[in-house]
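# Notes for the structure review
Letter by letter, the chains look like this.
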Amino acid sequence: MLINKNTIIHGEKVVLVPYEAEHVPKYHSWMQSEELLQLTGSERLELEEEYANQISWRVDEKKCTFIVLDKNVYLTSKHDEIASMVGDVNLFLNDDDNVHSAEVEIMIAETDARGKGFGKEAVLMMMKFGIDILKLQEFTAKIGFSNTKSLGLFRKLGFEEVSKSDVFQETSLKLLVTEFLRNDLQKQTYELIKTTN
Ligand SMILES: CC(C)(COP(=O)(O)OP(=O)(O)OC[C@H]1O[C@@H](n2cnc3c(N)ncnc32)[C@H](O)[C@@H]1OP(=O)(O)O)[C@@H](O)C(=O)NCCC(=O)NCCS
């Protein structure tokens, strides 16, 4: 979507920036990994298709994406976004019956960047953006049965299991935006987030 095209969100450990054409070659190189394709339920794309995908994420009003940067590398490399790219975080407003619902997707592609709290912080920042800017009232996630890390992350954030699909081998989780969650997110991200438009 166009709404975040000029938005940069600074967290404590990560910085979220809009997905631009300059990010595509590194993103495309990540998505050559069989492990990442399987864990994220993605298909392998040609480079040209990934460029088209980047434009689609920008113009499709049902999709919102940010590239996740390692803040430390970003600051010490004088804002070199390519050198600091570690993953992406997405919202997909794919529920035709509920325009205030979005599926959250997170990927920390760089293996050295995993287990450092980047994924958790990026999802929290994206949820705050979704609630404040997109007026979302519900988040969902679909996670493969064997992806214990991702299940651990979403459960830790309060997502609860709503169904399981043996066909797709995945669990569906949901988190409703309550007043309690709003306040909790506000507290958790108050010192964390600084948005630049
Ligand atoms: C899953 C993923 C997003 C987690 O991001 P991360 O930055 O490595 O995770 P964090 O360091 O932020 O950890 C956040 C929470 O996740 C859970 N978690 C992380 N590693 C875990 C592990 N090995 N086992 C169980 N839970 C784990 C914990 O609850 C952790 O919180 P805690 O450290 O306070 O206990 C990341 O590993 C990744 O992108 N993997 C490959 C792609 C993928 O699986 N994407 C998700 C598709 S649904």
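Further up the page is the structure itself.
Notes on the structure follow.

Reading guide: rules and limits
Residues numbered from 1 in each chain as written. Predicted model: local features only at pLDDT ≥ 70, side-chain atom pairs only at ≥ 80, totals over all residues. Near = placed C-beta within 6 Å. Helix = DSSP H or I, 4+ residues; strand = E, 2+ residues; numbered from the N terminus. Nonpolar A, V, L, I, M, F, W, Y, C, P; charged D, E, K, R; others polar. Contact = placed C-beta atoms within 7 Å. Axes fitted to C-alpha atoms, helices over the stretch in contact; angles between N-to-C directions. Parallel < 35°, antiparallel > 145°, perpendicular 65-115°, else oblique. Left-handed = near helix turned anticlockwise from the far one by under 90°.

### A few points about the site of the ligand
Around the ligand, the structure places 22 residues, and the nearest of them are R114, G119, K120, G152 and L153. Top contributing element to the shell around the ligand by residue count: helix α7 (residues 148–156), with six residues. Partitioning the shell around the ligand into residue classes produces eight nonpolar, nine polar and five charged.

### A word on the environment of I131
Of note, I131 is situated in helix α6 (residues 118–132). Linking I131 and V177, residues 46 residues apart in sequence, is a C-alpha distance of 7.9 Å. Setting aside residues no more than four positions away along its own chain, I131 makes contact with L136, V177, R182 and L185.

### Section: the packing of α6 against helix α8 (residues 179–190)
Look at α6 against α8: their axes get within 10 Å of each other, and the N-to-C directions meet at 130°. With respect to their mutual orientation, α6 and α8 come out oblique. Here α6 and α8 pass one another in a crossing that is left-handed. Between α6, through L124, M125, M127, K128 and I131, and α8, the contact on the second element is made entirely by R182, L185, Q188 and T189. When its residues are assigned to classes, the contact of α6 with α8 shows five nonpolar, two polar and two charged.

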